[in-house]
Amino acid sequence: MKADLKVYEEKMKKTVANLESEYSAVRAGRANAQVLDKINVDYYGSATPIPQLASVSSPEARSLVIQPWDQKALKDIEKAILASDLGINPQNDGRCIRLTFPQLTEDRRKELTKQVSKMGEDAKVAIRNVRRDGNDAIKAAKKKGEMTEDEQKSSEEDLQKLTDRYVKIIDEAVSAKNKEVMAI
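Bear in mind the structure is a predicted one, so any value in this text is a computation, not a measurement.

Criteria and cut-off values
- Residues numbered from 1 in each chain as written.
- Predicted model: local features only at pLDDT ≥ 70, side-chain atom pairs only at ≥ 80, totals over all residues.
- Heavy atoms only, no water.
- Core = buried A, V, L, I, M, F, W, Y, C linked by side-chain atoms within 4.5 Å.
- Buried < 20%, exposed > 50% of the residue type's maximum accessible area, 1.4 Å probe, protein only.
- Helix = DSSP H or I, 4+ residues; strand = E, 2+ residues; numbered from the N terminus.
- Contact = heavy atoms within 4.5 Å.
- Pairing = 2+ DSSP bridges.
- Axes fitted to C-alpha atoms, helices over the stretch in contact; angles between N-to-C directions.

Novice: Even after reading the chapter, I still don't get the nonpolar core, so can you show me in this structure?
Specialist: Most often, soluble globular proteins have nonpolar side chains that are buried together. Residues Met12, Tyr23, Leu159 and Ile170 are the most contacted members of the largest nonpolar core, which totals 24 residues. For this core, the elements supplying multiple residues, two or more each, are helix H1 (2–24), helix H3 (106–143) and helix H4 (149–183). Sorting elements by how many residues they give to this core places H3 first, with eight residues. The residues touching Ile170, leaving out its near neighbours within four places in the chain, are Val16, Leu19, Gly120, Ala123, Lys124 and Ile127. Residues Leu36, Leu53, Ala80 and Ile81 belong to the second largest nonpolar core, which totals 20 residues.

Below, the structure is given as structure tokens:
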């Protein structure tokens, strides 16, 4: 059963990595090119992420410059940014698009902390789902006679300890991101 625990631990690690990836896209006052990763542009009939259409650079702490490789995509990129929930008006100069990130207001900070907490809760639910799947597999193995009752209890306890450890990691990540949002 120890080998099976490794499988569930890997799933939990992936959940934490996914949460960290989502957190990197949360705009916390500084310009971060990853906020554009989830914005898709209708480019010749297919939804394409902005980083695949253009180079994105950050010349200053609070601004991003998007330079498309195909100048025809400039208007489409601008439309996609306006339609997104980014809350920033792009400035198009005919060759590139500039995004200037304003100071966060207190209301926006509170909104972001709620968003960060919700992402953390979703990650915890995913961890608990992994635990449930593990417990189901343990019970099935017990039914088939592949393990004794003591081994079942021990495996369930080990899985619970693993779950508790990853839930604590998620709580720490949520706390750290909320501090970052409120500090800027």
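Novice: How should the pairing of strand S3 (residues 54–60) be read in this particular structure?
Specialist: Put simply, side chains in a regular strand alternate between the two faces of the sheet. The pairing of S3 with strand S4 (residues 63–68) spans five bridges and is antiparallel. Looking across to S4, one finds that Ala54 is bridged to Pro68. Connecting S3 to the antiparallel partner S4 that follows it, the hairpin turn spans two residues.

Novice: Could you clarify how one ought to interpret the sheet that holds S4 in this entry?
Specialist: The strands making up a sheet associate through hydrogen bonds between their backbones, and the pairing can be parallel or antiparallel. The four strands are arranged S3-S4-S6-S5 in an open sheet whose pairing can be described as antiparallel. Each having just a single partner strand, S3 and strand S5 (91–92) make up the two edges of the open sheet. Here helix H2 (residues 74–83) sits on the sheet in contact with S3, S4, S5 and strand S6 (97–100), set at roughly 20° to S6.

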